[in-house]
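# Structural characterization, general
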Amino acid sequence: MPSRLSDAFRGQPIHPQQLKHPDFTSLQELPDSYAWNQRDDDYPSGDAFATDQSVPIIDLNDPNALQGIGHACKTWGVFQVTNHGIPTSLLDMVECTSRTLFSLPVHQKLKAARSPDGVSGYGFARISSFFSKLMWSEGFTIVGSPDEHFRLIWPQDYRNYCDVIKEYKEEMKKLAGRLMWLMLGSLGIIAKQDIKWAGPKGDFKEASAVLQLNYYPACPDPDRAMGLAAHTDSTLLTILYQNSTSGLQVLKEGAGWVTVPPLPGGLVINLGDLMHILSNGSYPSILHRARVNRTHHRFSVAYLYGPPSSVKISPHPKLLGPAQPPLYRPVTWNEYLDTKAKHFNKALSSVRVCVPLNGLVDVNEHNNSVTVG
Ligand SMILES: C=C1C[C@]23C[C@@]1(O)CC[C@H]2[C@@]12CCC[C@@](C)(C(=O)O1)[C@H]2[C@@H]3C(=O)O
Ligand SMILES: O=C(O)CCC(=O)C(=O)O
Ligand SMILES: [Fe+2]
């Protein structure tokens with residue numbers, strides 16, 4: 001099992017045909033390979049339902065933010081934050097970098113193409129291989145430093161772009177650490193020593209992260225196209241910046257697909273599968289997708305946040321008891337990414353512990369170490 005994030009997909013290369021990239025600007029109508037039918041997506045499709053429910057908005061300066069976050073995590077698995085401390089100028093600069101990158105001619109972007117078994121670089125979303133139709137989007141994944149790839153794209157002036165990305169990642173890391181403590185606090189986990197990997201200062205210094213730049217070109221037939229198909233993130237949490245064009249939708253039980261409207265200066269926080277595991281199933285990971293727009297391009301930037309590569313995430317001992325056995329076996333982020341690359345939306349159930357009728361807890365698949373009587 002590879003231990004570095006950049007090697008996560010060595011065993012699951014993407015088929016070369018899925019790496020070909022069209023020039024979206026030259027397409028006047030939607031090619032059949034991009035036209036989705038309901039059966040191409042496993043989940044309820046069509047327009048977002050008319051609903052009066054909306055994703056919670058939490059003001060991080062509010063003294064009641066912790067309670068609000070706890071409620072949002074339990075009932076939604078997603079919320080938006082304001083007063084998060086990330087300067088608007090930095091959000092603008094990242095959007096501008098992304099806009100400049102995706103506006104380049106395809107042959108230029110392909111100089112930094114993601115390799116079939118790699119994580120970093122330009123290409124389709126990793127989940128594309130699970131769908132028979134193509135997604136109306138382009139992505140650029142950054143693991144560690146963007147230098148190597150940006151130098152291939154902008155040989156003269158890559159440094160300024162790299163600096164923007166580095167600053168953005170640093171600011172996101174601080175915010176993610178803060179959100180981690182709020183989420184953990186809302187679960188009743190408050191002591192620094194309860195999460196060893198938070199480090200001596202409790203700043204989650206060794207945490208891992210991946211930055212994903214997404215671009216959704218304007219689309220001649222948006223109702224039949226799909227920007228990014230329904231998925232949960234494999235992360236602990238994801239901090240998503242979206243520009244002023246809406247497109248993000250989340251699936252809420254009882255309400256269907258709910259659009260998450262862009263909030264000026266706001267950021268969307270998605271709970272990922274690892275947080276679901278850590279909370280022993282009490283916080284859901286949110287199923288979400290991105291739709292596209294007839295006249296407007298859309299950009300989003302996802303900061304995908306997980307534990308240090310060597311750390312196994314498991315249901316937190318503070319949440320367990322005789323009546324609350326662990327529902328999931330321990331996994332590192334890399335092991336989970338490998339499982340996700342094989343099983344996609346069945347990944348969570350494939351790391352779920354089987355609870356037989358005799359009350360003994362056993363674990364399925366690769367792990368044979370946990371038996372709780
Ligand atoms: C660390 C990762 C999470 C991610 C797969 C990846 O290796 C790098 C890209 C991430 C992303 C972004 C778009 C949606 C997603 C499902 C995908 O296909 O690639 C996520 C992956 C994930 O969270 O599992
Ligand atoms: O573009 C969006 O709104 C969603 C992006 C996303 O889900 C992701 O990058 O994981
Ligand atoms: Fe996502």
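Keep in mind that this is a model prediction, so the values were computed, not measured.

## Digging into the site of ligand 2
- For ligand 2, the set of nearby residues contains 13 residues, the closest of which are N214, Y216, H288, R298 and S300.
- Side-chain polar atom of N214 to an oxygen atom of ligand 2: 2.9 Å apart, as the coordinates give it.
- At 3.2 Å from an oxygen atom of ligand 2 is found a side-chain nitrogen or oxygen belonging to H231.
- Protein chains bury 95% of the 290 Å² of accessible surface belonging to ligand 2 in isolation.
- Sorting the residues of the shell around ligand 2 by element identifies β5 (208-216), β6 (228-231), β11 (288-290) and β12 (298-306) as the ones contributing at least two each.
- Residue classes in the shell around ligand 2 are distributed as six nonpolar, five polar and two charged.

## Considerations on the pairing of β12
- Most of β12 is tucked away: nine of the nine residues are buried.
- Taking every second residue as pointing to the same face, both faces of β12 are buried, with R298, S300, A302, L304 and G306 on one and F299, V301, Y303 and Y305 on the other.
- Two elements, β5 and β12, share nine bridges in a ladder whose sense is antiparallel. Note that in β12 the partner of N214 across the bridge is S300.
- Examined bridge by bridge, strand β7 (residues 237-242) and β12 share six bridges and lie antiparallel to one another.

Conventions adopted
Residues numbered from 1 in each chain as written. Chains lettered and ligands numbered in written order. Predicted model: local features only at pLDDT ≥ 70, side-chain atom pairs only at ≥ 80, totals over all residues. Heavy atoms only, no water. Near = heavy atom within 4 Å. Polar contact = N/O pair within 3.5 Å; in protein donor to acceptor, adjacent residues only side chain to side chain. Areas by Shrake-Rupley, 256 points an atom, 1.4 Å probe, with all protein chains shown as cover. Helix = DSSP H or I, 4+ residues; strand = E, 2+ residues; numbered from the N terminus. Nonpolar A, V, L, I, M, F, W, Y, C, P; charged D, E, K, R; others polar. Buried < 20%, exposed > 50% of the residue type's maximum accessible area, 1.4 Å probe, protein only. Pairing = 2+ DSSP bridges.

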